[in-house]
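Below, each chain spelled out in residue letters.
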Amino acid sequence: MRKLWTTRLRRHQKAQFKYLQLVFNDHFVLALIILAGALLYGYSQLIQQLTPQWWLRPAVAAGLTASLSLGQLAALVEPADATFLLPQTAPFGQFLLRARRYSLLLPGAVLGMAALAVMPLLVVLHIAAWSGTLTLVLALWAFKDADLWLQLLAHYRAFLPRWGRRGLLMGLAFVLLTAGLWWHPAIAMLGAVALNLALRWTVGNHFAPATLDWLGLVAAEDKRMGRLYRFYNLFTDVPGLGGGVRRRKWLDVFLPLVARTPANTWAYLFLRGFLRRTEFLGLTVRLALIGAVVLALVEPVWLVALLALLFVYLVGFQLLPLALAYQEVVFTHLYPLPDAQRTHAFTQLARGVLLLLAGVLALGPLMRGHWLAAGVVLVAGGVAAVGLAQWYFPNRLARPA
Amino acid sequence: MTLRLTDVTGGYGSLPVLKNLSFTVPDGAIVGLIGLNGAGKSTTIKHIIGLLAPQSGTIAIDDKTLATDPDGYRQAIAYVPETPVLYQELTLKEHLELTMMAYGLDQAATWPKATAMLDRFRLANKLDWFPANFSKGMKQKVMIVAAFMTEAPLTIIDEPFTGLDPLAVHDLLDLVTARRAAGGAVLMSTHILATAEQYADTFVLLKDGQVRATGDVASLRAQFGLPEASLDDLYLVMTKEATHA
């Protein structure tokens, strides 16, 4: 099990490193540094104006609880394990214990930084900065440790006590952190450590490795990796990223947009793919809303134009996998249809979606009465949409994938 | 309509799996493609439907090839794959609709035929289901309905009987013989030799990517010099040859 874990971990880290390299390319790092600088500056300005009001403590505790909920059990389990390692279920507990320990690292670092970020707020709340931060970090780590125990035990369902739920833990963490910010974070630390020890003690009584819920574990790990890859997919192509499908019957009102004629065969397929696959419509709507809000808040016209271009480009890039989504369905290659129809149908759909997106983005500035900015968004977004659909996509699809 | 393979050599990458393969599938006939795992049955079918391109030799339906008339060639073929593959975001009804659109079929004229087949396969009440909710056998039936609905001159079926219940096997064989009666050609790869012997008119026996023998059972018996043998016996003789070679 130890060898299995180390080889899995090495392979996992190698793959993640490869993707992270692609995500954090030069331009993105530059943008991040500027963004981080702006955020820190804004934060320092904000802190100088803050006074300890009644809502500040629960708000900070809520923020910390939210960061506490980040970070899931990285089980590194593969679907085939449920069949091949089934006879090894009991020893596999050792594998999962290692996985749990490994899963502590990243959230631990994040929580450490969160505590450091809260340090100036402790001063505002008249709490000793160093002792406060130190005890706060320990409290957060103890909570996270307990949280990951719960996540692990969730896959040993039969022995998980009824109160062993993440929601309850997060609620307790919120209450204890609020209390800690009222007097001293040492209270939160003591509570967290007590909770952690109580949990470990019960775990010691209940841990029965033979009752592992393999299918649940595999499904959870699949979901976690899927989320991770979808995030990477925002920046680069992730091969073999398969999303799910939802029926979304209420979207069937859009289906008559494509007439059912042989010339529209591909359009028929792409429209349904866009509406029902989980990876396209949701992302488009989310980015459209975020984009509209961001554009409503931004003032300089050149920045507005740049952001509109960026959002349309981002969404357009996300749509591209749809054009290649049907490669593995053999009928895609057998239908007596000219290849040009596929590219044409896809660019048409993409142009429609992106123009609609530009319209939604323009609504953001329009709500605040920024007529000029709205016009700029419409023009820049429209140019990007038409440019992508008329020029970039046909070229990209002509290249062999 | 006749499918004609002439001296086809091909495979994955540069390594040839098929070596100088030649046989024909004529109108109004059921041809059984028989061979061990790895003999090249699925590879042959992939070449015919155009997923793989031959390194040398020609594959033609009448005088149409994939190079000269790709749409006309594809129009002539209906295909049921070994492993059912469906579009995960299309309902059963939409799969059939898409197939009708792709083959340019008249929807009003085709739906009654499709509905009759769906009734027969007990799928008529599942028109709004997604493939994710289908069992493997049900998916296979969807592919069968889609393929036979097109009434393409050549129907290619890869390992049709695995995963189907006995009732569905029976129904499929009815459809296959009906296609033959209507003048269609059927190429069927299978391991179920008893069924193949009962239904197919001629056989193509593949061994190591080459045609070992072709013809009906009588001519196969003559070629192997075993006058009383069943297809099963002939198959066993052929596999022994394979291990000696």
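Shown above is the structure to which this text applies.
Reading the values: rules and limits
Residues numbered from 1 in each chain as written. Chains lettered and ligands numbered in written order. Predicted model: local features only at pLDDT ≥ 70, side-chain atom pairs only at ≥ 80, totals over all residues. Heavy atoms only, no water. Contact = heavy atoms within 4.5 Å. Buried area = accessible area lost by both parts, 1.4 Å probe. Salt bridge = Lys/Arg side-chain N within 4 Å of Asp/Glu carboxyl O. Polar contact = N/O pair within 3.5 Å; in protein donor to acceptor, adjacent residues only side chain to side chain. Helix = DSSP H or I, 4+ residues; strand = E, 2+ residues; numbered from the N terminus. Nonpolar A, V, L, I, M, F, W, Y, C, P; charged D, E, K, R; others polar. Core = buried A, V, L, I, M, F, W, Y, C linked by side-chain atoms within 4.5 Å. Buried < 20%, exposed > 50% of the residue type's maximum accessible area, 1.4 Å probe, protein only. Pairing = 2+ DSSP bridges. Axes fitted to C-alpha atoms, helices over the stretch in contact; angles between N-to-C directions.

(A) Here's a closer look at the interface of chain B and chain A. Contacts between the two partners involve 26 residues from chain B and, on the opposite side, 30 residues from chain A. Of the roughly 2600 Å² buried where chain B meets chain A, counting both sides, 63% is carbon and sulfur surface. When the area that chain B buries against chain A is broken down by residue, the three leading residues are Tyr87, Glu89 and Met101 of chain B, summing to 27%. Note that Arg260 of chain A and Glu97 of chain B form a salt bridge whose closest N and O atoms lie 2.5 Å from each other. Inspection of the chain B/chain A interface yields 8 residue pairs in polar contact (both at pLDDT 80 or more). For the side of chain B that touches chain A, the secondary structure elements donating two or more residues are α2 (70-75) and α3 (92-102) of chain B. Sorting elements by how many residues they give to the side of chain B that touches chain A places α3 of chain B first, with 6 residues. Across the side of chain B that touches chain A, the residue classes break down as 14 nonpolar, 6 polar and 6 charged.

(B) Quick look at the nonpolar core. Of all hydrophobic cores here, the largest spans 136 residues; its most connected members are Phe274 and Phe346 of chain A together with Tyr87, Leu96, Leu154, Ile156 and Phe203 of chain B. Apart from residues lying up to four places away in sequence, Tyr87 of chain B is in contact with Leu269, Tyr326, Val329, Phe331, Thr332 and Tyr335 of chain A together with His95, Leu98 and Pro131 of chain B. Counting 57 residues, the second-largest nonpolar core is a separate cluster that includes Ala61, Leu68, Leu73 and Ile127 of chain A.

(C) A look at unusual backbone geometry. Although it is not a glycine, Arg248 of chain A adopts a positive phi angle of roughly 45°. Summarising the element assignment, Arg248 of chain A is placed in the loop between α9 (214-233) and α10 (265-276). With a phi angle near 55°, Asp62 of chain B is a residue other than glycine that sits in the positive phi range. By relative accessible area, Asp62 of chain B is classed as partly exposed at 44%.

(D) Spotlight on the sheet that holds strand β3 (residues 29-34) of chain B. Residue and element names in this part refer to chain B. Strand order in this open sheet of 6 strands is β5-β6-β7-β3-β8-β9, and the pairing throughout is mixed. Among the strands making up the open sheet, the edge pair consists of β5 (77-80) and β9 (210-215). Going across the sheet, the axis of each strand differs from the next one's by a mean of 15°, ignoring polarity. Set on the sheet, helix α1 (residues 41-49) makes contact with β3, β5, β6 (154-158), β7 (185-189) and β8 (202-207); between it and β6 the angle comes to about 150°.

(E) How the structure looks around the pattern of salt bridges. Applying the stated criterion across every chain, the model contains 20 salt bridges over all chains. Residues Lys113 of chain B and Glu151 of chain B are paired through a salt bridge, measuring 3.4 Å at the closest nitrogen-oxygen approach. Taken together, the positions of Lys113 of chain B in helix α4 (residues 107-120) and Glu151 of chain B in the loop between α5 (136-149) and β6 put the pair 38 residues apart, joining distant regions of the chain. As a salt-bridge pair, Lys141 of chain B and Asp165 of chain B come within 3.5 Å of each other at their nearest N and O atoms. Taken together, the residues span a long stretch of sequence, with Lys141 of chain B in helix α5 and Asp165 of chain B in the loop between β6 and α6 (166-181) at a distance of 24 residues. One salt-bridge network, held together by shared partners, links Arg247, Asp252, Arg272 and Arg276 of chain A together with Glu94 of chain B.

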